[in-house]
Amino acid sequence: MNNSADNQPDSAETERIARILKERAARLADRIPPEADRAVLAFIDDRARSIARAPRRARTVRWVAWAAAAALAAAVGVWTISGTRRSPAVPPVAEDIDHSGTVDILDAFLMARRLELDAEKPASWDLNRDGRVDGADVDLVAQKAVAVTKEGT
Amino acid sequence: MRGILVIALVLAAGTLSAAENTEAKTVFKAWDVRVETGDETLGAYQVEIFYPKTTVKIVGVEGGEPETFRDAPRYDPKGLKGGRIILAAFTTDKKSAPKGTVRVARIHTSIEGKDTPEISAKVTTAGNIDGKKITITVRLSETKREKKGNKNEKTEE
């Protein structure tokens, strides 16, 4: 990924260029008026310093971005946790056999199919607490599925 | 004496007329509940029926046409006059699970007034015979009997 820091020459390269330019300027010193010479050297120094500062700025920007991301993640975490605390935990409904979030006829159907297959049945399906999972438990689930007092079915 | 007799006759006639009017306002209608399963077999269905509770009461719920859904579906008796009833049934009989258009139930209603009430239905959930959730549609249509005592019935959409 490219960013502004990658496009900047590194400080070693900058120093090398500055050195070359200073050497050339020294060679031509006797032919150039000293004011012009100083002005050029001052310009080179100034430019070199500003280029050398650029990667530091990029690093600073990167750190700020990371800090912002961390702050955002923390804020999302706090919001999620506080949201969970606000809404009361929904207790699991024993009749929701397929864990779909609602008790409907498919729960009773699933139980009936398992009973017919004589497959293993969880003890939690013994809804009437008579010690066995049978048709009476299926009836309880079906009854709950069609109850009109509840909402959302 | 003759005046009192005339008044009594007028009052009696008025009472009879009012009674006749009240009687004429209640009609009984049956509604077929049909579901469309497409190519899927019908293992279980659950539908909700909505009706105006001020004018309509459900006086009976009976099963559907295929043998597997011949028994009355499950429902809450509170739904008979509350404006909303949930009907649901399932079968585990793989061999005779129906598919396509299936009349799963019929409801009988008593209706106050001459206007046909707005009765609607929606699917809550359905599954095929293997227990997989499927998409079905539900349709309600009024059942018309052709002749009294005739077992053949005609359904009017």
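Here's a quick rundown of the structure. (Residues numbered from 1 in each chain as written. Chains lettered and ligands numbered in written order. Predicted model: local features only at pLDDT ≥ 70, side-chain atom pairs only at ≥ 80, totals over all residues. Heavy atoms only, no water.)

**What to know about the nonpolar core**
Residues and elements named next belong to chain B.
Step number 1: Core analysis: the biggest nonpolar cluster contains 26 residues, and V33, V35, Y45, I49, L87 and V104 have the highest contact counts within it.
Step number 2: Those elements that provide at least two residues to this core are strand 1 (26-41), strand 2 (44-50), strand 3 (56-63), strand 4 (84-90), strand 5 (99-112) and strand 7 (137-145).
Step number 3: The greatest single-element share of this core, amounting to five residues, is contributed by strand 5.
Step number 4: In this structure I49 touches V33, G83, R84, I85, L87, I107, I119, S120, A121 and L140, once residues within four positions along its chain are discounted. (Core = buried A, V, L, I, M, F, W, Y, C linked by side-chain atoms within 4.5 Å. Buried < 20%, exposed > 50% of the residue type's maximum accessible area, 1.4 Å probe, protein only. Helix = DSSP H or I, 4+ residues; strand = E, 2+ residues; numbered from the N terminus. Contact = heavy atoms within 4.5 Å.)

**Here's the deal with the sheet that holds strand 2 of chain B**
All names here are of chain B.
Step number 1: Ordered in space as 4-2-6, the three strands form an open sheet in which the pairing is antiparallel. Pairing within the sheet leaves two strands with one partner each, and these edge strands are strand 4 and strand 6 (120-127). Taken over all neighbouring pairs, the strand axes of this sheet differ in orientation by 15° on average, direction set aside.
Step number 2: Judged from the seven bridges that link them, strand 2 and strand 4 form a sheet pairing that is antiparallel. Within strand 4, the position partnered with E48 by the bridge is I86. (Pairing = 2+ DSSP bridges. Axes fitted to C-alpha atoms, helices over the stretch in contact; angles between N-to-C directions.)

**Structural notes on the side chain of T125 of chain B**
Step number 1: As for its placement among the helices and strands, T125 of chain B is situated in strand 6.
Step number 2: What makes T125 of chain B buried here is its relative accessible area of 4%.
Step number 3: Excluding residues within four positions of it along the chain, T125 of chain B makes contact with D104, I105 and L106 of chain A together with Y45, Q46 and K133 of chain B.

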